[in-house]
Amino acid sequence: MSFYIYSQKHFTMPFQIRFSLLISLSLLCIHVHSQQQKIKKGNPIIAGWYADPDAAIFKNECWIYPTYSAPYEQQVFLDAFSSTDLQTWTKHKTIVDTSSVKWAKKAMWAPAIVEKQGEYFLFFSANDVHEGEIGGIGVAVASNPAGPFKDYLGTPLINEIHNGAQPIDQFVFRDKDGSYYMIYGGWQHCNIVKLKPDFTGLLPFADGEVYKEITPQGYVEGPMMFLRKGKYYFIWSEGGWTGPDYRVAYAIGDSPFGPFERIGTVLQQDPAIATGAGHHSVIKIPGRDEWFIIYHRRPLGETDANHRVVCIDRMYFDKKGFIQPVKITNEAVWIIKLK
């Protein structure tokens, strides 16, 4: 802005007028400065008890699909949240529930979203399946990221336990050649499977296997994968989900199959901020090498296992491509315009 230069004549004005003019100019400068400041809101970014967020960017909007964090018998629906700036979030209530997925009796949780040819496929866990129980990983579909989503298969996509991996916590990954893989698993085991192009089932690998185990050291649950500069980043949760030691670790491979060797911890508690930081998703701002991790954590003083909130913080890489440990914050991130 331009500043006014006073001449000797102006200083002959009455004191009251000069004083008033100086105050007005000062207030103007303060106003202009404040208008130039970036607006920042804090963590958590959405209100309410939510966990296990999966995130994706569709048409310049960021969408978050979390678990409604409550006892299993109350987790009978999923909400979604959208934003064009990672700051202001719109809630989309009950995008799917057990009334539209008849085999899901309780605990619809840990959703994962993927868009293909204008349709949105929502993969989810249901019923906390154990051996001999109906449940596991299901699929719902909608023509809009806000739903409503309807059961796609009428039955779980994966209901059985393979390689010791409970069929939960699925993440769908699109490879460079257009193939879709799903990585999933609880009980300290992780599998990778190849999805049929229409997501109605699984395809065997070249060696005839359908379920390949890719479990790295320390793995517990919550797998996720992304590509950066030709490398496959495999990133998962460790520790107990109800405890303060819940955290996120990672490995880097040359293919979706690894082998993956644990490199280090990405995200963990800060006793001054929050505990139990884990079960995450990672997004990249389109056209820029800017990355964010969206995760859940437990506010200080909370002892209820389901009292978890969704937060976002920046994620950085060093010159060698290693992920730098994320500092969890109360401040969250600056406004990032996606439109």
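Above this text sits the structure in question.
Presented here is an overview of the structure given in this document. Just so we're clear, the structure is a prediction, and the values are computed from it rather than from any experiment.

How each quantity is defined
Residues numbered from 1 in each chain as written. Predicted model: local features only at pLDDT ≥ 70, side-chain atom pairs only at ≥ 80, totals over all residues. Heavy atoms only, no water. Salt bridge = Lys/Arg side-chain N within 4 Å of Asp/Glu carboxyl O. Helix = DSSP H or I, 4+ residues; strand = E, 2+ residues; numbered from the N terminus. Buried < 20%, exposed > 50% of the residue type's maximum accessible area, 1.4 Å probe, protein only. Contact = heavy atoms within 4.5 Å. 1 Å grid on protein atoms, 1.4 Å probe; cavity = no way out; pocket = protein on both sides within 12 Å on 5 of 7 lines; lining within 4 Å. Points joined across faces, edges and corners; volume = space filled by probe spheres on them. Nonpolar A, V, L, I, M, F, W, Y, C, P; charged D, E, K, R; others polar. Pairing = 2+ DSSP bridges. Axes fitted to C-alpha atoms, helices over the stretch in contact; angles between N-to-C directions.

Now for the pattern of salt bridges. Evaluation of the coordinates by the stated rule reveals nine salt bridges. With its nearest N and O atoms 2.7 Å apart, the salt bridge here joins arginine 228 to aspartate 289. Here arginine 228, found in strand S14 (residues 221-228), pairs with aspartate 289, found in the loop between strand S18 (274-284) and strand S19 (291-299); they are 61 residues apart in sequence, far enough to count as distant. Overall, arginine 228 belongs to the buried group, its relative accessible area being 8%. On the basis of relative accessibility, which here comes to 43%, the residue aspartate 289 falls in the partly exposed class. Three or more residues are tied together by salt bridges with common partners; here these are Asp207, Glu209 and Lys212.

For glutamate 238, the position within the fold is in strand S15 (residues 231-238). With near-sequence residues (within four places) excluded, glutamate 238 lies in contact with Gln217, Gly218, Tyr219, Val220, Asp245, Tyr246, Arg247, Ala249 and Arg262.

Attention now moves to empty space enclosed by the protein. Counted by the stated rule, this structure contains one cavity of 30 Å³ or more. Space inside the largest cavity adds up to approximately 100 Å³. Forming the boundary of the largest cavity are 15 residues, of which Asp54, Gln170, Pro223, His279 and His280 lie nearest the centre. Elements supplying a minimum of two residues to the lining of the largest cavity: strand S1 (50-58), strand S5 (109-116), S14 and S18. Looking at the lining of the largest cavity, its residues break down into seven nonpolar, five polar and three charged.

Taking strand neighbours across the sheet as the criterion, the four strands line up as S1-S2-S3-S4 in an open arrangement whose pairing is antiparallel. The sheet is open, and its two borders are formed by S1 and strand S4 (90-97), each paired with just one other strand. In this sheet, neighbouring strand axes are inclined to one another by 25 degrees on average, regardless of whether the strands run parallel or antiparallel. Two strands pair when backbone bridges link them, and S1 and strand S2 (residues 61-68) are joined in this way by seven bridges, in the antiparallel orientation. Within S2, the residue paired with alanine 56 across the bridge is tryptophan 63.

Attention now moves to unusual backbone geometry. Each neighbour pair has its own omega, and for asparagine 43 with proline 44 the value is 0 degrees, a cis peptide bond. Put simply, glycine 147 and proline 148 share a cis peptide bond, and its omega is 5 degrees. Residue placement: proline 148 occurs in the loop between strand S7 (136-142) and strand S8 (150-151). Here phenylalanine 199, not a glycine, exhibits a phi torsion of approximately 65 degrees, which is positive. Here phenylalanine 199 lies in the loop between strand S11 (191-195) and strand S12 (202-203). Residue classification places phenylalanine 199 among the buried residues on the basis of a relative accessible area of 0%. At alanine 332, a position not held by glycine, the phi torsion is positive, near 65 degrees. For alanine 332, the position within the fold is in the segment after strand S20 (309-315). According to the relative accessible area criterion, alanine 332 is buried, its value standing at 10%.

With that out of the way, let us pick up the layout of surface pockets. If you add up the space inside the largest pocket, you get close to 700 Å³. Contributing elements (two or more residues each) for the lining of the largest pocket: S1, S5, strand S9 (171-174), S14 and S18. Of the residues assigned to the lining of the largest pocket, the class counts are 17 nonpolar, one polar and five charged. Counted as a void, the second largest pocket has a volume near 270 Å³. In this structure, the second largest pocket is lined by 19 residues; those nearest its centre are Tyr72, Trp109, Glu221, Trp241 and Arg308. Along the lines of polarity and charge, the residues of the lining of the second largest pocket split into eight nonpolar, six polar and five charged.

All right, on to the pairing of S11 then. Most of S11 sits out of view: four of its five residues are buried. Here S11 pairs with strand S13 (residues 212-213) via two bridges, running antiparallel. Within the sheet, the bridge partner assigned to asparagine 191 lies in S13 and is glutamate 213. Pairing of S11 with S12, which is carried by two bridges, proceeds in the antiparallel orientation. The residue bridging lysine 194 from the neighbouring strand is leucine 203, located in S12. Linking two consecutive strands that pair antiparallel, namely S11 and S12, is a turn of six residues; a positive phi of about 65 degrees is found at phenylalanine 199 within it.

A few words now on the pairing of S1. The element S1 is largely enclosed, with a buried count of eight among its nine residues. Count of turn residues in the S1/S2 antiparallel hairpin: two residues, of which lysine 59 carries a positive phi of about 50 degrees.

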